[in-house]
Every structure is written in structure tokens, then in C-alpha cells.
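Architecture and fold: a report
So the chains spell out like this:
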Amino acid sequence: MTTPERRGTTTVSDRAVRRIAGHAVTEALPGRAARATGSSATVRGGRAEVAVDVALPYPAPLTPTVRRVQDHVTARTAELTGLDVRTARVGVTTLTPDRMTEPDPTPDPDRLTDPTLTPEPTLTPDPTAVPESAKAAPRTRVPRRWWAQRRLPLGVLTLLATLTCGALATDLILVTTGHRPAALWRTGALHWLSAHGPGEPPVTAAALGCALLGVWLIVLAVTPGRRGLLTAHSPAPATRVAVDRGAVAALLRDTVAGTEGVDTVAVRVRRRRATVRAALAFGDRAAARDQITDAARSVLAECGLRRPLCLRVAVRPLPVWTPPPAETAPVPLGAVAPAGGS
């Protein structure tokens, strides 16, 4: 008698993979202010594709930190799910102040009294270290734009096509195998199309709607979509880095606000231009503008953007406050105002 084999399959849902990838972000940098702000996962058979949006600590080297998070999320997700996980896509959306965990200052009395005990070395993970797998990976071209997957338009179009083709196939099967009459909606549509020509307004409107839908799908296919992300250079091979425009604006705002004499700062970052407007409380306007320009250019250079932003700086002095004019007492009725100089 042969031993019966085990039967059944284990299915890992997209939601489970997404949650595991989100928790793996916090494990990649222990003791640091790193968390997942969003995640997505797609499971196809034994393979999975994972994408996470993260908030990283600041200041920290961006590229090595992203690479460390990417490797850990990929390895940890594959370990816990048993799936073949492709290299995770990591997008940096926020930079948060770093809060390192402080070591316990209380000494160990046994270690102080026993001379035979030697202090054990403490191994601290270095976020700047690049893994060996990253060094051996082939170098890829960094895109100018971060492309979106267009899940919502693709899902809506697929759902409509599935419902239409499914209804038509069901009716044809019932007519062929069940010897039933054709559905009223199908015969009615054929009669209506046979009675209306291409020059009539309903047919023209339907054709125009189909043409606009086709143009919209073509535009979605040839445009990146994720306009809020700016791609950056990456010294590590096979790594794609993108920085949120809000994070770049926050860095510029914090840097310019530290300039001497600056009162308020307004920053707007677009795809190709960064505009900085500062209100000067005191000091020379030209000198302050030069300092703000140098500081802003230094921040943009540190970001390492794939397409450098055109910087525009505007400095205006605060309006001088003038006291309101003194109010004169009203002259009573019947009184004669005194003549000047008498």
C-alpha cells in the first residue's frame, strides 16, 4: 500500500503580501524613523511584485538607505511568504527627523566587579553600506519620469470588456446548446443598428465618445502619470530612486528659513522649476538674495535629481509699519475754531 500524498494548495493573498512588505520597512532600519506610508502587491502564481512608499529619516544618505530598505523588503517578503519576489519598488514620499534609540546609560554591576568579563563589541547597522548583491548587479538606465501602472483605468476597461464579452458568450451558448431564443437586448441592438445610419446624431455621438475614449487611453499609455515624483541619480546599480516634490519643497523651505533676516518663506516645486519667495525682515536685499540662491542650489545639488530644476528666487522686504494718524477731537456745534497763529 502506498502512502497517500498530501493534497491542497496554499494561496497567499495580495493583502497579506502588502502588509508583510509594510512591516519589513520598519525592520530595515531598526531604531530609525522609517515607516511605510503606502504599499501595493500583486501575486501571480508563485511570483509577487511589491511596491512600497516610505518615510525615511533625515539627515541620512538617500541612495544607500533606499537600497538597504529595498533589499530587506524583498528578502523578508520572500522569506515569510515563500513566493518568488521580484526586486521591490521603493518610493520616498516623506523625510522625517531622525530619532536614534539612546543606549541604556545604567552600567551592569556584574560587569564592573568581575575583571574576567570583557566588553562585547556592539554591532550597529550602517545605512551607508551597499550590499554585495547591489555591487554585482548590472547597471540600468535611470528614467526621467516615474511611470504609473494605471491600475484604475486598466481595471475599469477590463471590467467593461469582461462583462460585455461574458454576456455575449453566455447568450450564444444558451442559443446554441439550449435551443433558446436570442436575448431581447441582443436582437434589439441589432435591429436598432440596422435601422440607423452613420449620419444620424445618436450614431455620431457614440462614435465621438469611442474616439475620445481611445485618445484618452493613448494619452494614459504615453504619459508617466506620477507627476509628483522626481527621479534622482543612484550610485548603486539596478536601483531607481524617486523623491517626492513635497520633500524637496520642505528641504528648500527649511534651508531658506535659516538665512539671516528672512521672516517668511513660500516654496513651490514643479516638474522643471523651483520657485522660492522670501520676505526679508531686515538686512540688505541683494545680499540676502545671493545667500538664499546659494543655499537653495546647494540643497538641489544634494538631492541629485535626474533633471535639475530651474531655480527662481524672489525676495521682497516686509512693509514698514506706520502708526495711524492721531484722531482730532470733534468741534462742538456753535464753537468757533481758533485761527492759526493767534
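Given the structure is predicted, the values throughout are model-derived calculations rather than measurements.

Before going further, it helps to spend a moment on the overall build of the protein chain. Helix and strand content of the protein chain: 9 helices and 9 strands. Sorting the 342 residues of the protein chain into buried and exposed places 27% on the buried side. For the protein chain, contacts bridging at least 24 residues in sequence account for 65% of all contacts bridging at least 6. Surface exposure of the protein chain reaches about 23,400 Å², of which carbon and sulfur atoms provide 59%.

Moving on, we come to the packing of helix α8 (residues 245-257) against helix α9 (residues 285-303). At a minimum axis distance of 9 Å, the contact between α8 and α9 shows a crossing angle of 145°. The two elements α8 and α9 meet at a crossing, and its hand is right-handed. Residues Val248, Leu251, Leu252, Thr255 and Val256 of α8 lie in contact with α9, whose contacting residues are Ile292, Ala295, Ala296, Val299, Leu300 and Cys303.

Once that is clear, we can look at the nonpolar core. Soluble, globular proteins show a tendency: their nonpolar side chains are buried together. Membership of the largest hydrophobic core comes to 28 residues, with the highest contact counts inside it found for Val248, Leu252, Val267, Val269, Val276, Ile292 and Leu309. Put simply, the parts of the chain that give this core at least two residues each are β5 (229-232), β6 (241-244), α8, β7 (262-269), β8 (273-280), α9 and β9 (310-317). Beyond its immediate sequence surroundings of up to four residues, isoleucine 292 is in contact with Val256, Thr259, Val262, Val276, Ala278, Val313 and Val315. Within the second largest apolar cluster, 21 residues are counted, among which are Ala28, Ala41, Ala48 and Val50.

Moving on to the sheet that holds β9. The strand order across the open sheet formed by 3 strands is β7-β8-β9, and the pairing between neighbours is mixed. Each of the sheet's edge strands pairs with one partner strand only, and the pair in question is β7 and β9. Going across the sheet, the axis of each strand differs from the next one's by a mean of 15°, ignoring polarity. With 7 bridges joining them, β7 and β8 adopt antiparallel strand pairing. Bridge pairing in β8 links threonine 264 to alanine 279. α8 rests against β7 and β8 of the sheet, and its axis sits at about 160° to β7. Across the face of the sheet, α9 comes into contact with β7, β8 and β9 while running at roughly 150° to β9.

Its place among the elements puts arginine 186 in helix α6 (residues 184-195). Accessibility expressed as a relative area gives 18% for arginine 186, which makes it buried. With residues up to four places along the chain from it excluded, the contact list for arginine 186 reads Leu168, Asp171, Leu172 and Val175.

The first and last C-alpha atoms of α8 sit 18 Å apart over 13 residues, in line with the 18 Å expected at 1.5 Å per residue. The N-terminus of α8 is capped by aspartate 244, whose side-chain oxygen sits 2.8 Å from the backbone nitrogen of glycine 246.

To continue, consider the confidence of the model for the protein chain. Averaged over all residues, the pLDDT of the protein chain is 77; the fraction at 70 or higher stands at 75%. In this model, residues 101-140 is a region of pLDDT below 50 whose contacts with residues beyond four sequence positions or in other chains number 34 contacts.

Before going further, it helps to examine helix α1 (residues 14-28). Helix length check: α1, at 15 residues, gives a terminal C-alpha distance of 21 Å against a target of 21 Å (1.5 Å per residue), a fit within 8%. Among all positions of α1, only Val17, Ala21, Gly22, Ala24, Val25 and Ala28 are buried. Seen along its axis, α1 keeps its buried residues to an arc of 160°; they face one direction. Exposed residues on α1 whose side chains face more than 90 degrees from its buried face are Arg15 and His23. Looking at the buried residues of α1, the elements they touch are β1 (35-44), β2 (47-58) and α2 (62-81).

Let us now look at the side chain of serine 40. Mapped onto the elements, serine 40 comes out in strand β1. Those residues within four positions of serine 40 in sequence are excluded, and the remaining contacts are Arg18, Glu49, Val50, Ala51 and Arg151.

Along the chain, glutamine 149 falls in the loop between α4 (132-136) and α5 (151-177). Assessed through its relative accessible area of 40%, glutamine 149 is described here as partly exposed.

A positive phi angle is found at histidine 179, which is not glycine, with a value near 55°. Turning to its location among the elements, histidine 179 is positioned in the loop between α5 and α6. We classify histidine 179 as exposed; its relative accessible area is 70%.

Quick notes on the rules
- Residues numbered from 1 in each chain as written.
- Predicted model: local features only at pLDDT ≥ 70, side-chain atom pairs only at ≥ 80, totals over all residues.
- Heavy atoms only, no water.
- Helix = DSSP H or I, 4+ residues; strand = E, 2+ residues; numbered from the N terminus.
- Buried < 20%, exposed > 50% of the residue type's maximum accessible area, 1.4 Å probe, protein only.
- Contact = heavy atoms within 4.5 Å.
- Areas by Shrake-Rupley, 256 points an atom, 1.4 Å probe, with all protein chains shown as cover.
- Axes fitted to C-alpha atoms, helices over the stretch in contact; angles between N-to-C directions.
- Left-handed = near helix turned anticlockwise from the far one by under 90°.
- Core = buried A, V, L, I, M, F, W, Y, C linked by side-chain atoms within 4.5 Å.
- Pairing = 2+ DSSP bridges.
- Expected span 1.5 Å × (residues − 1).
- Polar contact = N/O pair within 3.5 Å; in protein donor to acceptor, adjacent residues only side chain to side chain.
- pLDDT = per-residue confidence, 0-100.
- Arc of directions from axis to C-beta.

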